[in-house]
Amino acid sequence: MNYPKRIAAELNVAERQAAAAIELFDEGNTLPFIARYRKERTGGLDEEQLRRLKSLLDRLRAVADRRRTIMSSIEEQGKMTPELRERLVAADSLTALEDLYRPYKPKRRTRADAARERGLEGLADAILEQVRTDQTVAELAAPFLGEDVPTVEEALAGARDIVAQTISDHPDVRQATRERALRRGVLRAERKDGAEDPQATYQVYYTFKSPVGRLQPHQILAINRGEAEDVLRVRVEVPERQWREAIGAAFRFDPISPLHEELLTAAEDGAARLLLPAIERDVRRTLTERAEARAIRVFGANVQALLSQPPLTGQTVLGIDPGFRTGCKVAVVDPSGRVVDTATIYPHEPQGEW
């Protein structure tokens, strides 16, 4: 990936500035040092610009590293396809990569794995394809019966387990459901039975309900604390219509197929048992990350305001920022905090202007 080009476009800086900053960071220089003493190389990027650049660079490199690991894993399994490779290369976030990787990710043995071992994948494929035929469901399941699968119902149950996992692991279903949950979901919090909250710190959240999209950062952090202290029980609800539409966009439900009801049942099971719990975790993590980022910005603004106050009451202050090659920056601030004057002096060699 061309990191300078991508960063320049996203942060609205020149590509040469981004390239110079990346080179300086890679050489082991700290952010304050680059901002203060290497302005001529970065084209005058300030600390905030450099901080955003470093954060974006770290995120892009993390995505690239994870992409390489995922592609290597899928290739070792012999399951890489040109379409999958293209989607992996185009994915620009860890979440998108993990959604694509999920069907191929080694995991603990599941009910779907057990069903596959009993030879029921073909029946699951028929359910997913929604085959149209004059055969009954029992007749379609009959070829899959045997010593390990003695009854039609066991065959269908195993096939539905495979279908449920396939639906839950589908990257488009997960992405669409996650986006819908963030827009349309509802977060509920309630006090746990017998939970102790002697100062009534979380009283406002004992019976709390709010659309996910309207939650404020301070509410998210308070709810998280209440949950961590075992006072609150928290859950995220995704309206049924939202997850059904997400599944329906990726899988075809054909009322004419004799296996239509099997697909409906499997989709409902997959949503309740696999998809929605995973989406709830994703939504909670996203909300927490946003709230923590907001808290850091507020804290930074408060610190800046604090540091901008007059340092010494009733005193005029002269401050010197030492520098050898670029000179010493000098500022004079009056008792009210107003900047009286600024200058640059060169007391060191070679100028020696003491």
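Below is a summary of the structure that appears in this document. Residue numbering note: each chain is counted from 1, following its sequence as written. Per-residue local features of the predicted model are confined to residues with pLDDT of at least 70, and side-chain atom pairs are confined, for both listing and counting, to 80 or more; whole-chain, interface and lining totals are unaffected and use all residues. To obtain the side-chain values, all non-hydrogen atoms of the structure were included, while hydrogens and water were left out.

**Describing the pattern of salt bridges**
Note the threshold: Take a side-chain nitrogen of Lys or Arg and a carboxyl oxygen of Asp or Glu: if they are within 4 Å of each other, that pair is a salt bridge. Partly exposed residues are those whose accessible area sits between 20% and 50% of the maximum for their type, while under 20% is buried and over 50% is exposed, using a 1.4 Å probe and protein chains only. Elements are defined by DSSP. Helices are runs of H or I of four residues or more, strands are runs of E of two residues or more, and each kind is numbered from the N terminus.
Scanning the entire structure with this criterion turns up 39 salt bridges. Here R160 ties to E153 by a salt bridge, and the two come within 3.0 Å at their closest N and O atoms. Taking the relative accessible area as the measure of exposure, R160 reaches 16% and is therefore buried. Take E153: its relative accessible area is 48%, and that puts it in the partly exposed class. In this structure, the salt-bridge partner of R244 is E240, at a minimum N-O distance of 2.6 Å. Here E240 and R244 lie together in helix 14 (residues 240-250), a separation of four residues that amounts to about one turn. Via salt bridges that share partners, D99, R174, R178, D282 and R285 belong to a single interconnected network.

**Section: the environment of I296**
For I296, the location among the structural elements is in helix 15 (residues 260-307). Judged by its relative accessible area of 61%, I296 falls in the exposed class. Distance from I296 to Q219, taken between C-alpha atoms, is 15 Å for residues 77 residues apart in sequence.

**So, the packing of aromatic side chains**
Any two aromatic rings considered together are summarised by their centre-to-centre distance and by the angle between their planes. Stated precisely, the cut-off is as follows: Two aromatic rings, drawn from Phe, Tyr or Trp (for Trp, its six-membered ring), form a pair once their centres lie within 6.5 Å of each other, and the interplanar angle then sorts them: stacked below 30 degrees, edge-to-face above 60, tilted otherwise.
Across all of its chains, the model carries two aromatic pairs by this definition. The interplanar angle of 50 degrees and the centroid separation of 5.5 Å between the aromatic rings of F33 and Y37 together place this pair among those described as tilted. Of the two residues, F33 and Y37 are both situated in helix 3 (residues 31-37); the distance of four residues between them amounts to about one turn of the helix. Ring geometry for Y205 and F208: centres 5.1 Å apart, planes at 75 degrees, overall edge-to-face.

**Overview of the packing of helix 13 (residues 217-228) against helix 15**
Counted only if it meets this: Convention adopted: a line fitted to C-alpha atoms gives each axis, helices being fitted over their contacting stretch, and angles between N-to-C directions are expressed from 0 to 180 degrees. Angle categories are assigned with fixed cut-offs, so that under 35 degrees is roughly parallel, over 145 is roughly antiparallel, 65 to 115 is roughly perpendicular, and the rest are oblique. Less than a right angle of anticlockwise turn of the near helix away from the far helix marks a crossing as left-handed, whereas a clockwise turn marks it as right-handed. Only heavy atoms enter the contact rule, under which two residues are in contact if any of them lie within 4.5 Å.
Across the interface, helix 13 lies against helix 15 with an axial gap of 8 Å and an inter-helix angle of 120 degrees. Considering their axes alone, helix 13 and helix 15 lie oblique with respect to each other. Of the two elements, helix 13 crosses helix 15, and the hand of that crossing is left-handed. Of helix 15, the residues touching helix 13 (which contributes P217, I220, L221, N224 and E227) are R284, L287, T288, A291, E292, R294 and A295.

**Some details on the nonpolar core**
Taken as a class, soluble globular proteins show a tendency for nonpolar side chains to be buried jointly. Put simply, the rule is: Here the nonpolar core consists of buried residues drawn from Ala, Val, Leu, Ile, Met, Phe, Trp, Tyr and Cys, with membership extended through side-chain atoms lying within 4.5 Å.
Core analysis: the largest hydrophobic core is formed by 49 residues, its most contacted members being V163, L187 and I247. A per-element tally of this core places helix 15 first, with nine residues. In contact with V163, other than residues within four places in its own chain, are A124, I127, L128, L263 and A266.

**What to know about the sheet that holds strand 3 (residues 232-237)**
Filter applied, for reference: Two strands qualify as a pair provided that DSSP identifies no fewer than 2 bridges between them.
Within the open sheet, the three strands sit side by side as 2-1-3. Their pairing is antiparallel. Two strands close off the open sheet at either side, each with one partner strand: strand 2 (207-211) and strand 3. Along the sheet, successive strands turn relative to each other by an average axial angle of 15 degrees, direction set aside. The pairing of strand 1 (residues 186-191) with strand 2 spans five bridges and is antiparallel. Considered in strand 2, the bridge of V186 is made with P211. Against the sheet, helix 13 touches strand 1, strand 2 and strand 3, its axis set at about 125 degrees to strand 3.

**Concerning the sheet that holds strand 6 (residues 339-345)**
Taken together, three strands build an open sheet; the order of strands is 4-5-6 and the sheet is antiparallel. Pairing within the sheet leaves two strands with one partner each, and these edge strands are strand 4 (317-321) and strand 6. Between one strand and the next, the sheet's axes are offset by a mean angle of 15 degrees, whatever the strand orientation. Here strand 5 (residues 328-333) pairs with strand 6 via six bridges, running antiparallel. Along strand 6, the bridge assignment pairs C328 with I345.

**Considering empty space enclosed by the protein**
Here is the rule we go by: A pocket, in this scheme, is an open set of points on a 1 Å grid over the protein atoms alone with protein on both sides within 12 Å along at least 5 of 7 lines, while a cavity is a set where a 1.4 Å probe fits but cannot get out; residues line either one if an atom lies within 4 Å of a point. Grid points are joined across faces, edges and corners, and a volume is the space filled by probe spheres set on the points.
A complete count under the given rule lists one cavity of 30 Å³ or more for this structure. Computed from the structure, the largest cavity encloses a volume of approximately 30 Å³. In terms of lining residues, the largest cavity is bounded by L187, L215, I220, I223, N224, R284 and L287. A per-element tally of the lining of the largest cavity places helix 13 first, with three residues.

Purely geometric stuff here, so don't read any function into it on its own.
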